[in-house]
Every structure is written in C-alpha cells, then in structure tokens.
Amino acid sequence: MTIATGTDSCPWAPWPPRLLGMAPDAGAIRDIDWDGVRLHIVTGKGGTGKTTVAAALALALAADGRRVLLAEVEGRQGISQTFDVTPLGLTEVRIAHAANGGEVFGLSVDAKAALLEYLQMYYKLGRAGGLLEKFGAIDFATTIAPGVRDVLLTGKVYEAVRRRRDHRAKGPGAAPAYDAVVVDAPPTGRVVRFLNVNHEVADLAKVGPIRSQADSITAMLKSPQTAVHLVTLLEEMPVQETVDTIAELRATGMPIGGVVVNQMREEILTLDVLEAAAHGGISREDVAADLTRVHVRATNALVNGLLTEARDHAERVALERDEATVVAALGRPTYRLPSLSEGVDANGIRELAETLKAQGMA
Amino acid sequence: MVPVLDVDALIGDPQTRIIVCCGAGGVGKTTTAAALGLRAAESGRRVVVLTIDPARRLAQSLGLTTLDNTPRPVKGIDDTLGGSLDAMMLDMKRTFDDVVEAHATAEKAEQILANPFYQAVSSSFAGTQEYMAMEKLGQLRLEADRDPDNPRWDLIVVDTPPSRSALDFLDAPKRLGSFLDGRFIRLLAAPAKAGGRAYLKVFSAGVNVATKTLTKVLGGQMLSDVQTFVAALDTMFGGFRKRADHTYALLSDRMTTFIVVAAPERDALREASYFVDRLDEEQMPLAGLVVNRMYRVSAPGLSAARALGAAEALDDEDSGGPSGDASPKDPGRTPITQGLLRMHAIQAEIAARHESLAKRFVAGHPGIPMVEVPAASGDIHDLVGLRLVGNALAGS
Ligand SMILES: Nc1ncnc2c1ncn2[C@@H]1O[C@H](COP(=O)(O)OP(=O)(O)OP(=O)(O)O)[C@@H](O)[C@H]1O
Ligand SMILES: Nc1ncnc2c1ncn2[C@@H]1O[C@H](COP(=O)(O)OP(=O)(O)O)[C@@H](O)[C@H]1O
Ligand SMILES: [Mg+2]
Ligand SMILES: [Mg+2]
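Numbering of residues starts from 1 in every chain and runs along the sequence as written. Lettering for chains starts from A, numbering for ligands starts from 1, and both go in the order in which the items are written. Since the coordinates come from a predicted model, pLDDT governs what is reported: local features require at least 70, and pairs of side-chain atoms require 80 or more to be given and counted, while whole-chain, interface and lining totals use all residues. Remark: hydrogens and water are excluded; side-chain values derive from all non-hydrogen atoms of the structure.

The next point concerns the site of ligand 2. Consider each residue's heavy atoms; a residue with any of them within 4 Å of a molecule or strand counts as near. Taken together, 16 residues lie around ligand 2, and G28(B), K29(B), T30(B), T31(B) and A376(B) are the ones closest in. Neighbouring residues of ligand 2 are not confined to a single chain but are spread across chains A and B. Any pair of N or O atoms that falls within 3.5 Å is considered a polar contact. Within protein, one atom must be able to donate a hydrogen and the other to accept it, and sequence-neighbouring residues count only if both atoms are side-chain atoms. The separation between an oxygen atom of ligand 2 and a polar side-chain atom of T31(B) is 2.5 Å. Within the side chain of R293(B), a nitrogen or oxygen atom sits 3.1 Å from an oxygen atom of ligand 2. All accessibility values rest on the Shrake-Rupley procedure with a 1.4 Å probe; residue burial counts only the protein chains present in the view. For ligand 2, whose unbound accessible area comes to 570 Å², protein coverage reaches 97%.

What follows is the structure, encoded as structure tokens:
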C-alpha cells in the first residue's frame, strides 16, 4: 500500500507558495533561480539528504538536453548507490538520462588520482611518480598534509567546470564540457573549511603551484558562477547547523544558494484541527459516532488513542513550524521535498527532480 | 525470545565503570549517553558524562556553557540516593594541546603548539576528534581513581564523535598514530636513520627526488614546518603511542561496556550491524543495542489499511455514498474524523516499518540484548526529557 505524499497541502508553511510551482506551461521560458550558476555545491548536516538532493538537482538541471556532472568528494560511492549503478571509478561515466535527451555523468573524485594527474600535467613526471608513491609522499600529500587534499579535490571540480567540450576550442564563447557541475559536498561541519582552500593552505604553502592553484579555485568558488545550497530537515540540529553554516559562508564570502527542506511530512490535518487537537478541543462523541457509522468499533481505547496521536502530532507540527520559521527568516530561496514513503530509488530521484524543477530550483 | 537490554542492571553493577555509546551520526548517541548518565546518577552512582556534540539546548540544560574542557556538576538532579552527575563537552584542540604539554618540556611544547603544521593537524585532521575523545576518556579514568578510597567518579559515560561510520571511533586513533609514524614523515624527520649504510645512497637519492617534487608542489615552507614539528615531537612519540594503546586496552577491559545506538532506518542499522561484529572480533564487551526514535501509535488496534478504508467510507457517505441512505450529519465533523484516520494510517505504516526493521536486525543478531526507545514528539533538550528516555531505556 502506498500513501500519497506531497507538500502542497502544508497548511502552515511560513513561506509564500511559489507561483512557479504551478505547472509550467509548455514552451514558456522557465524562470529558474540559479541562472548563470554552473557550479552547485550541496551540503547539509550528516544524513539530511545531501546525496539525494545533489542527485535530484543534477537530474533536474540536465533536462532538455543538457550535460551535467555529479561529483562526490568523500569516496563513499553514495552516487552509485543512489542511482543503483556500478561503483564509480576514476573516469566520468554516464549514470542517467534526463528528460528530453539530457545526460548526467558521475565521478567520485579521488585525491591521489587528482595529484598524479596534476603532477603529470605540470611536471611530466614519468618515473618520479612511482618514487613518490614508493616513499609515501603521495599518501603524505593526499591524506596528511592538511589542506592539500581539499585543494586537490576542489581542483578537480574546478577543472571539470572549466573544461571545454572541444578541448582545442578557446575563448569565452567555446562550449563547456558540462552545462553544470553538482557536488555532493562534505557535511556542514566541514564544508566551509573544505571550500575555503585558500585559507587552508595560506600558512602551509605560501608560494608554489599549490598556492596559485588554490587562488584560482577560490576565485571560482567565490564568483557568481557558484552557489552553495543547504539541505535540512525541520529539526533543531539540522536547522541550527544550516543557520551557522550560512553565517560562516557569508563571513568567508562564499555565494550562498538555496535551502532545501527535505523529507517533509505530508500534512493531513488542517490548521484548525491541529489547533483543536493540541488543546483537547476535538469532540470524542463526534469521532466515536463517525467511526460507528463506518462500522469501526469505537472503543474508548481507540478513540483515546486517536486523540493522543493527534495531540502528539500537533506538537510535532508546532515544532516543525518553529524550525520552518527559522528557515524562512534566513531569507534564502527555499525548496521543499516530500518524504518518500517507499524510500528513495531511481524513480524517487526523478520524482524529487521534478519537484525541484516545479519550484524553480532548476 | 529477544533478550532485553537491562540498563538498570548495567548501571546498578558497581563493576561497570565505563559505558561507551556509539553508532552512526544523528541516531541519538549523545542523548542516550546523557540519559544513561542521569539515570545512573539518580540511582546513586557518581557519574561523569563526556559528551562530544550536544545539541545547543541540551548543552544549556546540562550547564555546558563554559567550555573549559573539564567536567562541571549538572544542576537539578535528584541526589537523594547519594549520586552525582558531572558533565563536560570535549574540546578537541585543547585536549591535544594538553597531551603535548604533558609529554614535552615547556620550551618544546611551546615550539610545537606554535607550529603551523601542528595547528592544522590538531584542529582539522580527520580522526583527531576520535583520538582526543579516547585521550580524554583515559584522563577521566585516571582522575576518577586518583584517590582510590574516595573516587571522584565511579562511572564514566562516553558519547562518541559524529562520525559517518560507527567504526571510525575504533579506527581513528590508530590511523592518527600511524600517520604520525608515517613513512614519509619519518623520512623527512630523519632520513639518515631510515636504512643501513649500503642502502642509504640509493635510498636517499629516491627520497631526494620525492622531497624535491613535493617541495615544488607544496612550497618549501610546508615541508620545513613538518620537519620541525616531527623533530620536536620525536621524543614524545613513544609516550603518544603508549597512551593511545593504553586507552584502547581500557576499552576491552571488563569494566568497560559498549552500547550501540541505532535509529530504525536501514543505513543506521547496517552501521550498527558492522559495529556489533567488530566489537565481537576485538572481544570488546557489548551490553546491547538501543533502537532509538521508534515510532509508536497510541491506537495500535487499528491497522493502516483499516483506517484508510474507514476514512474512504466516510468520504462515500459524505458524497451521498454508494449506500445512498446518507443520514443527516454535520459536514464540519466528519472531515475531522477522516483526518484522524488518515493521519493514523500514515503513522501506523511508519511504526510497522520501524518494527519490521528492528525485527530483522534481531533475526540477524540473535542473542544481542535490545531495547527500543520511542520517538518523543519534541527534541530531548532538558532533564525531564532525559529522564523519559532513561525510563524507556530501562524498559518502563
Ligand atoms: N525525500 C526523501 N524521502 C525519503 N527518504 C529520503 C529522502 N531524502 C533522503 N532520504 C533517505 O535518507 C537517507 C539519507 O539520505 P542521504 O544519503 O542522501 O543523506 P546524506 O546527507 O548524503 O548522508 P551522509 O551525511 O551520510 O552523506 C537515505 O536512506 C535516503 O534514501
Ligand atoms: N527518542 C528521541 N525522541 C525524539 N527526539 C530524539 C530522540 N533521541 C534523540 N532525539 C533528538 O535527535 C537529535 C539528534 O540526537 P543526538 O543525541 O544529538 O544524536 P547523535 O549524538 O547520535 O548525533 C537531537 O535533537 C535529539 O534531541
Ligand atoms: Mg551522502
Ligand atoms: Mg552526538
């Protein structure tokens, strides 16, 4: 049995309903919120749905024949699990087709591979690469030397954003290899450090190629081409981390994107019923009479149980409403995704992608 | 029969001196640790709870507002049975600094603390937090037993860092240790010590190429920082390792026990499963599993399907219905009942899903004691909430 889910019926949402969410008519130019953004970075507290939302956003952005790269940077194979494809390796592979011919490619960015690629590109290393490996220098640089790992990971993303479809083509008019790049980023606790590579290597590498690489990456990350989106649930800790991270991002000058409120429950009870439920204002007799009419034995236990559930539910909703108010006060474009009762599979991702599109995120 | 995790027996046993709460992120480790600590204290034990990342409001109610990296008494507990409760929140950088200061001369410590490489490692290296949590546990243990006749604490409850994997807690200290012992770091610090004389020449040539290349890429400053750091640290290495090994050994001690916390979700239970197996492998004592945030309905007699059916039947009646004999009724009331039934159906479905996930875990791990803690309708952010969780943990 499935229970339909949706968020349209949310009676208390403090944010205004978006007109854009009303079925875009065919042919009309869709006004999306992140026109001009080519690098979408998705973060959030652990477990809130970063990977899921990044995947849905990539699919949404890929609609109408566009090419999108979806990259993860923590080597967790979250993307391949979400799309149910074989684990991602060191090359970019197509993992999904979007509506009207669009394509999503997947990549699990690997720091070691990025370093070797980088060394090869700039130093034509040859044999020295093996030596570096042998003496543990690659391990050192990719796992131990603080900050270097992040420069390598973001560096690969930077490269993908700038890559041209035809690598000989030059100049601003040349078509990019990807119309957009979406990054499934580290969680809120680490993301600002991850993105602020310039600061991270400032004390460690004052000069040298890593330094100039970090400078270029930072320039891109702080440009209007980039947006850092935050995924949250309507719970205390995820919302708090969202608020804190937005402040941190602002302080470092990173462009803040939208807030995606994930896993929203479908709201069934109307505002006045919730109100009544919270204050014991629902008539037991009426409920019992209704139940009896449809041949459900209206025992005391059942009626009491239902009313208790309604009261608990009203309490939860009230708390969610408080959190939603905090989210609304951030003043960022906000998107709402329903909690899919069957969990998220490849179809679920498509459903979420459509929802993001309908709300104007892509 | 599923064995029940009896937390009252656990905290009532004076032999239990350390309880470690672990599990995947966000499942309720901190909440469980605090609730256990409170319950133990109110049953007469002298408890210290080491939390890592309490939610802000919980931290406030535990009085964790001054962050000085030492335990402070929690106000408002019931101490009629002679117990006490202290709590603290881990300050990872500070704990690391303390370790350095404890192991080096004042002059050397100062040198290390000022080193940029040290600063980066101590505040950002993945695994430092886990390592420092263990280090702090070791310190609390020493502090507890300073005066054996009058121990300051007789029970330490430890929360673990919000790692993505529950196993990180067990692995990170070793990882940090082996990184400080890492090959390249050692080579940088003392290339001459690395091999025999004959070997040395070829060897150094290789090291030189490696070092040169890295210098080109990273800039010379970084490597020289690493060199001074490692040189300064060299004398403390032994102490470092010994300490980590000692704390690790503490974890397999009879006085220690683990509680694995999970939420009734596939991923969290999978993590719990790995952790349970790992504890078994390492012969570390597992008290049992807490499945936290279980959804429960208050009207369990009515199935989701039945509730939906009834809601639809009311719908039919409303619109004249198939039966045709619509009795006169107030249109304002029926929708309320319909709403209640639909809401119940959704909740009953979630509850059933949670129940079946928990059952499957149990089926896969027979013999592991388990207890379920229901999801409260709000956050758990004060002593009242913690007591309720404590009650649930004790199965009442
Ligand atoms: N809208 C949704 N409806 C139902 N389930 C969801 C939804 N979004 C995410 N989930 C589920 O929640 C769990 C966590 O999601 P996901 O892995 O995307 O989070 P994450 O933030 O990437 O986690 P981590 O911090 O571990 O990387 C997954 O099991 C996912 O299927
Ligand atoms: N049984 C419960 N019912 C309701 N909320 C809970 C319950 N257990 C934990 N929470 C809430 O879930 C959030 C995360 O809990 P926390 O203990 O900090 O998780 P962890 O330490 O495992 O990351 C907190 O806001 C907490 O109040
Ligand atoms: Mg993820
Ligand atoms: Mg915690």
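The full set close to ligand 1 counts 15 residues, and K50(A), T51(A), T52(A), P338(A) and L340(A) are the nearest of them. Two or more chains meet at ligand 1, and those chains are chains A and B. Between ligand 1 and N262(A), the relevant distance is 2.9 Å, taken from a nitrogen atom to a side-chain nitrogen or oxygen of the residue. Within the complex, the protein chains bury 80% of what would otherwise be the 630 Å² of accessible surface of ligand 1. Secondary structure counts use DSSP, requiring at least four H or I residues in a row for a helix and at least two E residues in a row for a strand, with both numbered from the N terminus. No other element matches helix α1 (residues 50-61) of chain A, which puts three residues into the shell around ligand 1. Per-class residue counts for the shell around ligand 1 are three nonpolar, nine polar and three charged. Polar here means any residue outside two lists: the nonpolar Ala, Val, Leu, Ile, Met, Phe, Trp, Tyr, Cys and Pro, and the charged Asp, Glu, Lys and Arg; Gly therefore counts as polar.

Turning next to the layout of surface pockets. Residue and element names in this part refer to chain A. Whether a set of points on the 1 Å grid over the protein atoms alone is a cavity depends on a 1.4 Å probe fitting there but being unable to get out, while an open set qualifies as a pocket with protein on both sides within 12 Å along at least five of seven lines; lining residues are those with an atom within 4 Å of a point. Grid points are joined across faces, edges and corners, and a volume is the space filled by probe spheres set on the points. Here the second largest pocket is characterised by a volume of approximately 700 Å³. If you trace the second largest pocket, you find 26 residues lining it, with M121, Y122, Y158, E159 and R162 closest to the centre. Going through the elements one at a time, α3 (111-123), α6 (148-162) and α9 (209-221) are the ones with two or more residues in the lining of the second largest pocket. Tallying contributions element by element places α6 first for the lining of the second largest pocket, with eight residues. When the residues that make up the lining of the second largest pocket are grouped by side-chain class, the tally is eleven nonpolar, seven polar and eight charged.

What follows is about the interface of chain B and chain A. Interface extent is often summarised as the accessible area lost during association of the parts. In what follows, a contact means two residues having at least one pair of non-hydrogen atoms within 4.5 Å. The interface is formed by 69 residues belonging to chain B together with 63 residues belonging to chain A. Carbon and sulfur atoms make up 67% of the area that chain B and chain A hide from each other, which totals about 5700 Å². By buried area we mean the combined loss of accessible area, with a 1.4 Å probe, across both parts when two parts are placed together. Three residues stand out in chain B for area buried against chain A, namely V217(B), L340(B) and S377(B), and they jointly supply 11% of the buried area on that side. The term salt bridge refers to a side-chain nitrogen of Lys or Arg lying within 4 Å of a carboxyl oxygen of Asp or Glu. Inspection of the region where chain B meets chain A yields three salt bridges.

What follows covers the coordination of the magnesium ion (ligand 4). All names here are of chain B. Sites may look incomplete, because water is not among the atoms used; the donor set itself consists of N, O and S atoms within 2.8 Å of the metal (3.2 Å for Na, K and Ca). The protein atoms that coordinate the magnesium ion (ligand 4) are T30 (OG1) and D53 (OD), at distances of 2.1 to 2.2 Å. Here D53 lies in the loop between β2 (46-51) and α3 (56-61) and T30 lies in helix α2 (residues 29-42), a separation of 23 residues in the sequence. With a 1.4 Å probe rolled over the protein chains alone, any residue whose accessible area is under 20% of its type maximum counts as buried; one over 50% counts as exposed, and the rest are partly exposed. Of the residues examined, D53 reaches a relative accessible area of 24% and is grouped as partly exposed.

Let's shift gears to the pattern of salt bridges. Summed over the entire model, instances satisfying the criterion amount to 31 salt bridges over all chains. Here E235(A) makes a salt bridge to R293(B), at a shortest N to O gap of 3.8 Å. One end of the pair, E235(A), is in the loop between β6 (226-232) and α10 (236-252); the other, R293(B), is in strand β7 (residues 286-294), on a second chain. With a relative accessible area of 30%, E235(A) lands in the partly exposed category. For E42(B), the salt bridge goes to R387(B), with nearest N and O atoms at 2.8 Å. One end of the pair, E42(B), is in helix α2; the other, R387(B), is in helix α16 (residues 383-393), and 345 residues separate them in sequence.

By convention, a stacked pair of Phe, Tyr or Trp rings (six-membered ring in the case of Trp) has centres within 6.5 Å and planes under 30 degrees apart, an edge-to-face pair has planes over 60 apart, and any other such pair is tilted. A complete count under the given rule lists three aromatic pairs over all chains for this structure. Note on F105(A) and Y178(A): the rings are 5.8 Å apart at their centroids and 65° apart in plane angle, and the pair reads as edge-to-face. In this pair, F105(A) is assigned in strand β4 (residues 103-108) and Y178(A) in the loop between α6 and β5 (180-184), connecting sequence segments 73 residues apart. By relative accessible area, which is 11% here, F105(A) ends up buried. Classification of Y178(A) as buried rests on a relative accessible area of 2%. Judged by centre distance (5.3 Å) and plane angle (85°), the ring pair of F96(B) and Y118(B) falls under edge-to-face. With F96(B) in helix α4 (residues 92-103) and Y118(B) in helix α6 (residues 116-124), this pair connects stretches of sequence that are 22 residues apart.

Residues and elements named next belong to chain B. Spatially, eight strands are ordered β3-β4-β2-β5-β1-β6-β7-β8 in an open sheet, and the strand pairing comes out mixed. Every interior strand has two partners, whereas the edge strands, β3 (72-73) and β8 (370-374), have only one. Two strands pair when backbone bridges link them, and strand β6 (residues 256-262) and β7 are joined in this way by five bridges, in the parallel orientation. Bridge pairing in β7 links F258 to L286. Orientation is described by lines fitted to C-alpha atoms, with helices fitted over the stretch in contact, and by angles between N-to-C directions that extend from 0 to 180 degrees. Its contacts with the sheet place helix α13 (residues 266-281) against β1 (18-22), β6 and β7, and it is angled at close to 160° to β6. Along the sheet, α16 contacts β7 and β8; its crossing angle with β8, the most-contacted strand, is approximately 145°. Whether two strands pair depends on DSSP finding at least two bridges between them.

Right, let's get into the domain arrangement of chain A. Residues and elements named next belong to chain A. The split into domains, and so the bounds of each, comes from an automatic or database assignment of domains. Per the domain assignment, the segments making up chain A are domain 1 (29-265 + 339-358) and domain 2 (267-330). Here the C-alpha centroids of domain 1 and domain 2 sit 42 Å apart. Listed by partner, the interface residues are eleven residues for domain 1 and nine residues for domain 2. In this assembly, domain 1 packs against domain 2 so that about 860 Å² is buried in total across both faces, 68% of it on carbon and sulfur atoms. Run the count over domain 1 and domain 2 and you get one salt bridge. Of the charged contacts in the structure, one is a salt bridge between E320 and R265, with a shortest N-O distance of 2.4 Å.

Residues and elements named next belong to chain A. Where helix α11 (residues 271-278) meets helix α13 (residues 300-329), the closest approach of the two axes is 8 Å, and the angle between their N-to-C directions is 115°. Crossing of α11 against α13: the hand is left-handed. Residues L271, L274, A277 and A278 of α11 touch α13, and the partners they reach there are A310, R311, H313, A314, V317 and R321. Residues of the contact of α11 with α13, tallied by class, amount to seven nonpolar, one polar and two charged. Each helix crossing is assigned a hand: it is left-handed if the near helix lies turned anticlockwise from the far helix by less than a right angle, otherwise right-handed if that turn is clockwise.

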